[in-house]
Amino acid sequence: FQLTLSARGIELFFGGYDDRLVDFVRASVAATLSFDPGANVPRFNAQRDLAVRELEGLLSEPPYQQAGYWTGLATNKPNFSFEEVLVETKRAQVSDVVDFKLQILQRERLFGRALCQGNLRPGEVDTVIDIVQTAIPFKPLPKAEWPSPRFLQVPVRSEGAGSMIIKKSLDAAEENSAVELTY
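Here we summarise the structure given alongside this text. (Residues numbered from 1 in each chain as written. Predicted model: local features only at pLDDT ≥ 70, side-chain atom pairs only at ≥ 80, totals over all residues. Heavy atoms only, no water.)

Some words on the packing of helix 2 (residues 41-57) against helix 4 (residues 82-91)
For the pair helix 2 and helix 4, the least separation of the axes is 10 Å and the interaxial angle reads 155°. The orientation of helix 2 relative to helix 4 falls into the category roughly antiparallel. The handedness of the crossing between helix 2 and helix 4 comes out as left-handed. Where helix 2 abuts helix 4, its residues Arg48, Ala51, Val52, Leu55 and Glu56 lie against Phe82, Val85, Leu86, Thr89 and Lys90. Here the residues of the contact of helix 2 with helix 4 are counted per class, giving six nonpolar, one polar and three charged. (Axes fitted to C-alpha atoms, helices over the stretch in contact; angles between N-to-C directions. Helix = DSSP H or I, 4+ residues; strand = E, 2+ residues; numbered from the N terminus. Parallel < 35°, antiparallel > 145°, perpendicular 65-115°, else oblique. Left-handed = near helix turned anticlockwise from the far one by under 90°. Contact = heavy atoms within 4.5 Å. Nonpolar A, V, L, I, M, F, W, Y, C, P; charged D, E, K, R; others polar.)

Quick look at the packing of aromatic side chains
Under the definition given, this model contains four aromatic pairs. Ring centres of Tyr69 and Phe82 lie 5.8 Å apart, and the angle between their planes is 65°; this geometry places the pair in the edge-to-face category. Residue Tyr69 is found in helix 3 (residues 63-75), and its partner Phe82 is found in helix 4; the two are separated by 13 residues along the sequence. You can call Tyr69 partly exposed: its relative accessible area is 22%. An aromatic cluster is built from Phe1, Phe14 and Phe24, whose rings are joined through pairwise contacts. (Phe/Tyr/Trp six-rings, centres within 6.5 Å; stacked < 30°, edge-to-face > 60°. Buried < 20%, exposed > 50% of the residue type's maximum accessible area, 1.4 Å probe, protein only.)

This is the structure in structure tokens:
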């Protein structure tokens, strides 16, 4: 089970090849919805500190990984720089997470999309979708408001072929460089 945030919103992933997958989905959704982020402030602080260290570690990533980061940042919208995420993560408080959970589950109009693949029978797929849809109150979202990441074209250079993004390494001591070609 994995719960992540992306440009599309909150994503739930259930995987595995087990005849109890439907029961696992039911238990995971119930645990996720009943989770009280404010119940364990020390754990929240520890997880926030870990996330901050991971974000700060991006400064020492090799140039080829940074090249991919810069390309993604320039061509995918919405997208947030790691600097923006780092600033917000450092100042996040457990009360922010509590408020965000309430906002998402009670006040926001939610959009849902499911992909079920693997060794699930059609009836099990219907059950999985029903479990999630019953637990999370999806409200119809007009198609015009469906979240959709956009891919942007980097402006073409005034001289020569193609587009170019030039960035210095995030690590000032880094002597290597990288080039990423995107077609």
